[in-house]
Structure formats: structure tokens, C-alpha cells
Amino acid sequence: MGLPGVKAVFFDLDNTLIDTAAAGRRAIEEGLPFAPPRPLQVISALQAKHHYGEGEARAVCDKVQAKLLRECHDPAKMCITDLRISHWEEAIQETIGGEANRDLAAECYYLWKTTRLQHLTLAEDTRAMLTELRKGLRLLLLTNGDRQTQREKIEACACQPYFDAIVVGGEQKEEKPAPSIFLYCCDLLGVQPAECVMVGDSLDTDIQGGLNAGLKATVWLNKAMTAPVDTSPVPHYIISSVLDLPAVLQKMEHNTNAKLETDHMASSNE
């Protein structure tokens, strides 16, 4: 699929190509076995191994999820592993009280992390779509986040073969929505911003970043198809599934061809 004026598509990773949020929830509810054949997730591990009540165990996990949403990570000050073990440590102490239990926090973190990675998959229909798109376009994966965490996710879902380049924000001077990381991606692929499309689920990073960098178009993945509370930034296109992207690109092609035809007719009439 070669499109007039479009040479490359940048894809976000988390909750765009892979359902990171769902994998995180399943890591709380499901899990790897501590001792076969009995599988334990974090909640049941806290209950079975450490005699927590179900309400206490769920409260700990809910607190961790809230901390992850508010997380601000500075790799110069602390590695991501230490930070996230601290999330569990604080959540346990806030729920149960008493002295901090770093060993239990680390156990919960590694169980959650390992299980989440197991559930991070690139769906077959998404793989097929990327394969088809790449026949005529250059594809780049552009993800914010800690280098170690994002590289582990990329490895887990085995998405490397579908992209011409992969850029992790934690390895760059600036992350999305800074224009610099988008311009770096353009340089990697040898394309201009006006020849690129950004696809992602975050208005604040993916869409705002694409607009900041002057990309040809931004495509917002809004799975719930709910109207944003804020009207800014405004994406060029909205889709409910990443699989809807080819139809959007075809629409862009149609609009571009129609404009070229109109411009040609106007020029002929002068």
C-alpha cells in the first residue's frame, strides 16, 4: 500500500498494538505457579502464602495499580525495578501496617511482572495488518517508557520483525510529545514529517506529539469511542480498533487524489 504523500507510519506500543492494561490486570488475577500444579496470581499468593484476607490482598493490588498510573520515573535516580518494588512495599505497608517488608514486595513485583509479560501478545490479525502495510510503507514503533521495561515488552510480544525501526523514549533525550523524538524517527527512516502518520491511544503524548512535530496526520485509537473530556488536542482521525487503520489510510489516499484532481482542474481552467 503506497499512498500519495505518506511514506511512513509510526505506531505506539502500549494499549495500541498490545493490550498492556489487560495484561496487567490478568497478572493481578492470574499468575505463574509458585509450586506446580497450583497456579497463583498475586492476590491468591498473598492469601495462600502470606495469610492475607482477600479484601486486604485486593487493596494492596489496587494501591499498586494507582501508584503505577501516577508513576514518575527518573532513571538517573533509581532503576525501574527498585521503584516498582517500592510501590508494592508501600502498598503493603499502607494496607497492613507494621514494618516494611521488602522481600514480600519483591516477590509480588516479580510475579506480577513475569505474568504480565506472558500475556503481552501481538494478535495474529494485527501481525497480518502490519505485514500488509509494510509492503508499501515504512513502519516504526515509537514507545515512551523506561528502556528495560519497554525492551522486555517488545521482546515478549516479538514485534521486532514487523518494523523498520524501534525507538524507545527512555533511550532518548526527550520522549513523546516532544518534537525531537519524532524528528529523530523521521531521520531514521529517511522521511519528512509531512510524509508520516502517528497512531496511538494517548491524546497527550501520541496525538499532541504528532501535531507538535508537524506530521501529515494523527490517528487516535479510542477503543471506548468516548468523547474526550478536553477538546484539545484534536486528532485528524479517530478509530476504535487498530485494525481500522488501513481504511483510514485509504480514506487519506482518496482525499489526496481528490485534491490533486481538483487542483489540476483549477489549473487547467486558468
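Summarised in this report is the structure supplied together with it. Remember, predicted model here, so these are calculated numbers, not experimental data. (Residues numbered from 1 in each chain as written. Predicted model: local features only at pLDDT ≥ 70, side-chain atom pairs only at ≥ 80, totals over all residues. Heavy atoms only, no water.)

Quick notes on unusual backbone geometry
Following Lys-176, the chain continues to Pro-177 via a peptide bond in cis, the omega torsion being 15°. By the element assignment, Pro-177 lies in the loop between strand S5 (165-168) and helix H8 (179-189). With a phi angle near 50°, Ala-158 is a residue other than glycine that sits in the positive phi range. Looking at the secondary structure, you find Ala-158 in the loop between helix H7 (147-157) and S5. Owing to a relative accessible area of 32%, Ala-158 belongs among the partly exposed residues under this scheme. (Helix = DSSP H or I, 4+ residues; strand = E, 2+ residues; numbered from the N terminus. Buried < 20%, exposed > 50% of the residue type's maximum accessible area, 1.4 Å probe, protein only.)

Some points on the sheet that holds strand S4 (residues 138-143)
Spatial strand order, S5-S4-S1-S6-S7-S8: six strands in an open sheet with parallel pairing. Edge strands, defined here as strands with exactly one partner in the open sheet, are S5 and strand S8 (237-239). On average, each strand axis in the sheet is inclined to that of its neighbour by 20°, with strand direction left out of account. As defined by bridge partners, strand S1 (residues 8-11) adjoins strand S6 (residues 196-200) across four bridges and the pair is classed as parallel. Its bridge partner lying in S6, Phe-10 is registered against Met-198. (Pairing = 2+ DSSP bridges. Axes fitted to C-alpha atoms, helices over the stretch in contact; angles between N-to-C directions.)

Examining the pairing of S1
A two-sided burial pattern is seen for S1, the buried positions comprising Ala-8 and Phe-10 on one face and Val-9 and Phe-11 on the other. Note that S1 and S4 share four bridges and pair parallel. When the bridges of S4 are listed, Val-9 appears paired with Leu-139.

Regarding the pattern of salt bridges
When the charged atoms of two side chains lie near each other, side chains of opposite charge can form a pair. Counting across every chain of the model gives 18 salt bridges. For Asp-82, the salt bridge identified is with Arg-102, shortest N-O distance 4.0 Å. Remark: Arg-102 occurs in helix H5 (residues 102-118) and Asp-82 occurs in helix H4 (residues 80-96); sequence separation between them is 20 residues. Classification of Asp-82 as partly exposed rests on a relative accessible area of 34%. Arg-102 gets classed as partly exposed once you look at its relative accessible area, which sits at 31%. A salt bridge links Arg-102 to Glu-89, with the shortest nitrogen-to-oxygen separation between them at 2.7 Å. With Arg-102 in helix H5 and Glu-89 in helix H4, this residue pair connects regions lying 13 residues apart in the sequence. Each of Asp-12, Lys-176 and Asp-206 takes part in a single network of salt bridges with overlapping partners. (Salt bridge = Lys/Arg side-chain N within 4 Å of Asp/Glu carboxyl O.)

No statement about biological role is implied by the geometric values presented.
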